Amino acid sequence: MTRRAKMQPTGICDLCGGAIPRGEWYTSKGAPRLHCSLECKQTANSRAGNPKRIEKLKRAIARGEWQNPRALMTPAEISAAQAHASKTARLREVAAGQWRNPALDAKARKKLSRPRKHRGRLHRALEMLREGVKLRDLPEDLRQAHNRYRRRLAKKNAAPRRAWYRAWYQKRQTQMTPEAREQQRAKWRAANRRKAQAQRATRATAKRAPGVSSKARDRGKP
């Protein structure tokens, strides 16, 4: 394999144009050193071999042997690769002095100036939950605010959810045969009998308990 000729003057990197230290101008074989660092050497070799890789890829596509590498990756690997590429690009911009805070953009400032959807304790509770804090680990006031919000949300969505379940149940009933519908009713009757027996047993046990009135028992107090 023939060695590439030196493009820049001796002591200057062929890729980035940076200075090569004076004691490293020549290799151990006495040839002029082409690059100032391992990164520049690897980048130059990659760029030199890119036309060959493209030609091989085109031939593989023509033969129908090429497969998208993304299809061979798991979702976790795809996420990790995207995060690494994004981080590398941001660090490169910071090193070059070209990075700018996205929040300083006009559209971002307009969005950030809008009032928050939630305020006060509820906003803080949602922020802590998003950061990975468990609901049971929230302070008492934040947990109560979050519980009230969830109850309001469930009450608001109850009617659409029940309508969906009614439609789903009616559709399922129309698709069932008379025999399957009768088997379903038999299961319901058996479940109702078990529930009634459990309730009678609970009432009988409560009646035998000494020193507890029926009203206090209903309130759950002695």
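What you see is a predicted model; the values in this text were computed from it and never measured.

Rules behind the numbers
Residues numbered from 1 in each chain as written. Predicted model: local features only at pLDDT ≥ 70, side-chain atom pairs only at ≥ 80, totals over all residues. Heavy atoms only, no water. Helix = DSSP H or I, 4+ residues; strand = E, 2+ residues; numbered from the N terminus. Rg over C-alpha atoms; globule rule 2.2 N^0.38 Å. Buried < 20%, exposed > 50% of the residue type's maximum accessible area, 1.4 Å probe, protein only. Phe/Tyr/Trp six-rings, centres within 6.5 Å; stacked < 30°, edge-to-face > 60°. Contact = heavy atoms within 4.5 Å. Salt bridge = Lys/Arg side-chain N within 4 Å of Asp/Glu carboxyl O. Polar contact = N/O pair within 3.5 Å; in protein donor to acceptor, adjacent residues only side chain to side chain.

Q: Which parts of the structure should I look at to understand the overall build of the protein?
A: When its secondary structure is counted, the protein shows 7 helices and 0 strands. Counting from the amino terminus, the protein carries its helices and strands in the arrangement α-α-α-α-α-α-α. Relative to a compact globule of 222 residues, whose C-alpha radius of gyration would be 17 Å, the protein shows 36 Å and is clearly more extended. Across its three principal directions, the C-alpha atoms of the protein cover 105 × 50 × 40 Å. When each of the 222 residues of the protein is scored for burial, the buried share is 14%.

Q: Explanation requested: the packing of aromatic side chains in the structure shown.
A: The description of two aromatic rings rests on the distance between their centres and on the angle between their planes. In total, this model carries 1 aromatic pair according to the counting rule given. Aromatic pair Trp164 and Tyr165: ring centres 5.0 Å apart, planes at 85°, arrangement edge-to-face.

Q: Hey, could you run me through helix H4 (residues 120–130) in this one?
A: Note on helix geometry: an α-helix contains 3.6 residues per turn, so any two residues three or four positions apart are oriented the same way. For H4, the set of buried residues is Leu122, His123, Ala125 and Met128. Buried-residue contacts for H4 involve helix H5 (140–175). Phi for Gly132, located one or two positions after H4, is positive at around 105°.

Q: Sorry if this is basic, but what is going on with the pattern of salt bridges here?
A: Oppositely charged side chains can pair when the atoms bearing their charge come close. Inspection of the entire model under this criterion finds 9 salt bridges. Across the pair Glu140 and Arg143 runs a salt bridge whose closest N-O atoms are separated by 2.2 Å. With a gap of 3 residues between them, Glu140 and Arg143 both fall in helix H5, about one helical turn apart. The class for Glu140 is partly exposed, based on a relative accessible area of 43%. With a relative accessible area of 22%, Arg143 lands in the partly exposed category. With a closest N to O distance of 3.1 Å, Glu182 and Arg189 form a salt bridge. Assessed through its relative accessible area of 38%, Glu182 is described here as partly exposed. Classification of Arg189 as partly exposed rests on a relative accessible area of 40%. Three or more residues are tied together by salt bridges with common partners; here these are Glu182, Arg185 and Arg189.

Q: Any chance you could explain the side chain of Asp14 here in plain terms?
A: Relative to the helices and strands, Asp14 is located in the segment before helix H1 (38–63). Reaching out from Asp14, the side chain makes a polar contact with the backbone nitrogen of Met7 at a distance of 3.2 Å.

Q: In this structure, what is going on with the environment of Thr43? I would like to understand it.
A: Of note, Thr43 is situated in helix H1. Thr43 gets classed as partly exposed once you look at its relative accessible area, which sits at 29%. For the pair formed by Thr43 and Arg152, sequence separation is 109 residues and the distance between their alpha carbons is 58 Å.

Function cannot be read off these values alone, since they describe shape.
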